[in-house]
Amino acid sequence: MYTVLDNSCSIANSIEYFLEKIRSLSGDIFFSETSKLIGEITKANSVWIGELSKNREKITTLSYYQNGVEGANFEYFINNTLCETVLESKKALMIDSEEKNLKQNSNNLFFKKWTISNYIGVPLFNSKKEVIGVIVTIFSQNSEQIYKYKLFIEIISSFCSQELESIERKREFKYQEQRFYDLFNSTPISIWELDASLFKKEMEMIDLSLLDETGVFNIIQLIKITAINNYTLSMFKIDSKKNFIKKLSTLLTDDFIKKTVKSFELLKNNISSYEFESTLKNSLNETINILIKWEISSFSNDSWDKIIIVLQDITDKKNYELRLRQSEKMEAVGMLAGGVAHDFNNQLTAIFSFAEILKEDLKDSQQIKYVDNILSASTRASDLIDQLLMFSRKGEALFISIDIDNIISETIELLERSIDKKIVLKHEKSDLITPILGDSTMLQNMLLNLVINARDAMPNGGEILIKTDTINIDDKSSSFIEKEIINFGEYVKLTIKDNGLGIDKKILNNIFSPFFTTKEPGKGTGLGLSAVYGTVKKHNGFIKVESELGIGTTFNIFFPTNRNLSPKIIEQKNGSKVFPKKSYTILLIDDEELVYKATSEILKRVGYSVMICTNGEDAMDYFNRYESSIDLIILDMIMPVMSGKEVFSLIREHNKTIPIIFSSGYPIDKEELLGYGKNVSFIQKPFKISELSEKIVEIFN
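I will try to describe carefully the structure that is included in this document. (Residues numbered from 1 in each chain as written. Predicted model: local features only at pLDDT ≥ 70, side-chain atom pairs only at ≥ 80, totals over all residues. Heavy atoms only, no water.)

Details of the packing of aromatic side chains
Two numbers describe a pair of aromatic rings. These are the distance of the centres and the angle of the planes.
Point 1. Scanning all chains against the criterion turns up 25 aromatic pairs.
Point 2. Taken together, a centroid distance of 5.5 Å and an interplanar angle of 25 degrees make the contact between tyrosine 274 and phenylalanine 276 stacked.
Point 3. Among the residues examined, tyrosine 274 registers a relative accessible area of 22% and is labelled partly exposed.
Point 4. What makes phenylalanine 276 buried here is its relative accessible area of 9%.
Point 5. Site record: aromatic cluster; members linked through ring pairs are Trp48, Tyr64, Phe74 and Tyr76. (Phe/Tyr/Trp six-rings, centres within 6.5 Å; stacked < 30°, edge-to-face > 60°. Buried < 20%, exposed > 50% of the residue type's maximum accessible area, 1.4 Å probe, protein only.)

Pasting the structure below:
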């Protein structure tokens, strides 16, 4: 075994020997061999080289030798140890068990446990003179050479310090590299790194003005993709980088290829970055709207061999913009519907009123029958306008006890006027149906969406069956226990079944997603079934779909029953036309000639005095002059010159109590009506004589 010789050249020889052994070593092997050499040269019982933790509380050994044998690395806290003294003093420490100034604490215990006679501890430093580790050498017997050993270890500690700092730098670099890699792959934006060296050479030789789409495509193929992040694979629905590169040519769209020519021009003119919008395809041949930004890498500004491309999926943004435009269109349609309804209902008011007046004067039964037909047709027209208004109404849902079969009947009556005659609508009612708690407008919209979808799935005709039944769901009804929580109990089962084209099972789970549609652009918004799903959820129900291509589709919808309530029945207002028996003076304010003529004729027949004003200014003039003689005002809400609301406000400034009945062809909600205060009522056009009499009785009681 090589040992330190007891002469003036012994340390130099030992250093030379040490350097010869570790010259080509690094990392773990370097430290392992160094510990072994220290043990051989100094005849130490135990040697370890340790790294100081970042929080400076622990030492973790990089190598450990005991009695010439490599031991397992270990970790220990430095508090109250000799290592703490070495590291705090930042200089080599040599001590023996007889040292008089040795603290009578755990250090003594340390000596006893390890049977130590001599201890040498040498700190390791980085280039900033910070302590980063330690070399510890333990001797079980005293040695005359101990001071030479200390000097030897101090000298070789510089080599250990350099290697440990190198390891720390590599570790930090690896950490930063991994950090960048994680950031690169976790970023929810597609990032590509391109090698454009071949591409650049080709660009220098071509005339871009003569470049067609085929030429652009061929040049793009010269670009080599050197890196892509994980989000790119997810965005394009491809499982590996290899397959992405292989399928790249199938992902390009004509629009992308055309707009790429502009990028070529900019690159040729040494423009370092550019941004534009285009489209690409994913592996499922679905179009992705993207915002593309390319930039010459800062490492290749002179040669632009490296180009970084960032692609942001803006499909959702584009869909949102489309939805916003669609929403604006629907809002305009709603406003148009309201305007059309108001005008149409004005005409229907005159038809209703004059027909009822005529009916009262007629004696011939055949002629009365003709008038009844006019009234029936007018009622159907009024129902049609109500359905149109349903799409433009706003406000919270109104949940009442409902017989769903009544809603189905009304919906079928509406659809029969517009659905293809080749399609048969069937309604099978259950004799034991029970009421549910629901909003009639929402439920009717739900049915309209489902039946219209069924109609579109049967271009050659067919049958749509709407069926109701009552079932009980309990813990034994395993077919209903799926992902969602089902409350056990009694349900109304609503079935809408068609024998149309059916739905592919691959997309069956997506049909309730907002804006998902299989229809051609312009033929569907993708909102219908999501609205159906929302309606079902708001009614505490659930929905199940079964479909098979070429066979048809069945929607089964389940609503919890409400046996404690009886379904609300809409009473027909065809009863008595009993007006209050009193000589009232009524101010009738309406700009529609036929409406005020018909209404005034009805009121005059009762015996009331009627003053007609056709606009708000005339009405206010009359009211200011004859206020004390007016008992009731019937006020149209929509008029030229001054609206009904403005007239109302002016009247209320002078008179807080005079009864006022608003009239309009467009409905108002209860909250709005309550906002006008007391002694205010509302009648919607077209109204019958019985409805007008009811409102007058109501407001005077």
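Points about the side chain of threonine 187
Point 1. Within the secondary structure, threonine 187 is located in the loop between helix H5 (146-186) and strand E8 (190-195).
Point 2. One polar contact links the side chain of threonine 187 to the main-chain carbonyl oxygen of leucine 183, over a distance of 2.5 Å. (Helix = DSSP H or I, 4+ residues; strand = E, 2+ residues; numbered from the N terminus. Polar contact = N/O pair within 3.5 Å; in protein donor to acceptor, adjacent residues only side chain to side chain.)

Considerations on the environment of isoleucine 402
Point 1. Along the chain, isoleucine 402 turns up in strand E13 (residues 400-402).
Point 2. Note on isoleucine 402: relative accessible area 5%, which makes it buried.
Point 3. Note: C-alpha distance between isoleucine 402 and serine 440 (38 residues apart in sequence) is 7.4 Å.

Concerning the environment of glycine 27
Point 1. Here glycine 27 lies in helix H2 (residues 27-42).
Point 2. C-alpha of glycine 27 to C-alpha of isoleucine 167: the two residues are 140 residues apart in sequence and 6.6 Å apart in space.
Point 3. Glycine 27 has contacts with Glu163 and Ile167, leaving out every residue within four places of it along the chain. (Contact = heavy atoms within 4.5 Å.)

Structural notes on the pairing of strand E23 (residues 660-664)
Point 1. The buried fraction of E23 is high, at five of five residues.
Point 2. The alternating pattern of E23 places Ile660, Phe662 and Ser664 and Ile661 and Ser663 on opposite faces, both of which are buried.
Point 3. With four bridges connecting them, strand E22 (residues 632-636) and E23 associate as parallel partners. Along E23, the bridge assignment pairs leucine 635 with phenylalanine 662.
Point 4. For the segment spanning E22, helix H18 (residues 644-654) and E23, crossover handedness is right-handed.
Point 5. Looking at chain direction, E23 and strand E24 (residues 680-684) are connected through five bridges and run parallel. Counterpart to phenylalanine 662 in the pairing with E24 is phenylalanine 682. (Pairing = 2+ DSSP bridges. Right-handed = clockwise from strand over helix to strand, strands pointing away.)

Observations regarding the pattern of salt bridges
Point 1. If you walk through the whole model with that rule in mind, you get 17 salt bridges.
Point 2. Between glutamate 165 and arginine 169 there is a salt bridge, and its shortest N-O distance comes to 3.8 Å. Taken together, the residues span about one helical turn, with glutamate 165 and arginine 169 both in helix H5 at a distance of four residues.
Point 3. Judged by relative accessible area, which is 15%, glutamate 165 ranks as buried.
Point 4. Connected through salt bridges with shared partners, the residues Glu360, Asp361, Glu601 and Arg605 form a single ionic network. (Salt bridge = Lys/Arg side-chain N within 4 Å of Asp/Glu carboxyl O.)

Observations regarding the pairing of strand E10 (residues 273-281)
Consecutive side chains along a regular strand alternate between the two faces of the sheet.
Point 1. Pairing between E10 and strand E11 (residues 287-296): nine bridges, direction antiparallel. Looking at E11, one finds that tyrosine 274 is bridged to tryptophan 294.
Point 2. Counting the residues that bridge the hairpin from E10 to E11 gives five residues, and of these asparagine 285 lies at a positive phi of roughly 65 degrees.

Points about unusual backbone geometry
Point 1. Of the consecutive residues lysine 685 and proline 686, the connecting peptide bond is found in the cis state with omega at -5 degrees.
Point 2. Its place among the elements puts proline 686 in the loop between E24 and helix H20 (689-700).
Point 3. Of note, lysine 90 is a non-glycine position whose phi angle comes to about 60 degrees, a positive value.
Point 4. With respect to the helices, strands and loops of the structure, lysine 90 is situated in the loop between helix H3 (82-89) and strand E5 (93-96).
Point 5. Phi at valine 641 is positive, roughly 70 degrees, even though this residue is not glycine.

Structural notes on the sheet that holds strand E18 (residues 542-548)
Point 1. Strand order in the open sheet formed by five strands is E14-E16-E17-E19-E18, with mixed pairing between adjacent strands. Whereas interior strands pair on both sides, the edge strands pair on one side only; in this sheet they are strand E14 (423-428) and E18. For this sheet, the mean angle separating the axes of adjacent strands, direction not counted, is 15 degrees.
Point 2. Strand direction decides the pairing type here: E14 and strand E16 (residues 462-473), joined by six bridges, are parallel. Considered in E16, the bridge of histidine 427 is made with isoleucine 466.
Point 3. Of the strands in this sheet, E14, E16, strand E17 (489-498) and strand E19 (552-560) touch helix H13 (residues 404-415), which is tilted by about 165 degrees from E14. (Axes fitted to C-alpha atoms, helices over the stretch in contact; angles between N-to-C directions.)

Here's the deal with the nonpolar core
Point 1. By size, the foremost hydrophobic cluster in this structure holds 35 residues, and its most contacted members are Met446, Leu450, Ile464, Leu494, Ile496, Ile557 and Phe559.
Point 2. At the level of secondary structure, the elements contributing two or more residues to this core comprise H13, E14, helix H14 (440-456), E16, E17, helix H15 (528-538), E18 and E19.
Point 3. In terms of residue count, the dominant contributor to this core is H14 (seven residues).
Point 4. Dropping the residues within four chain positions of it, isoleucine 496 is found in contact with Leu447, Leu450, Ile464, Leu465, Ile466, Thr553, Thr554, Phe555 and Ile557.
Point 5. Of all hydrophobic cores here, the second largest spans 34 residues; its members include Ile219, Phe256, Val261 and Leu266. (Core = buried A, V, L, I, M, F, W, Y, C linked by side-chain atoms within 4.5 Å.)

As for the sheet that holds E10
Point 1. Spatially, the five strands line up as an open sheet ordered E9-E8-E12-E11-E10, and their pairing is antiparallel. Because the sheet does not close on itself, it has two edges, and the strands there are strand E9 (224-228) and E10. Each adjacent strand pair in this sheet contributes to an overall mean axis angle of 30 degrees, direction not counted.
Point 2. Bridge count for E8 against E9 is four bridges, and the pairing is antiparallel. Its bridge partner being in E9, glutamate 193 is matched across the sheet by alanine 227.
Point 3. Sitting on the sheet, helix H10 (residues 254-268) is in contact with E10, E11 and strand E12 (306-313), with an inclination near 160 degrees to E10.

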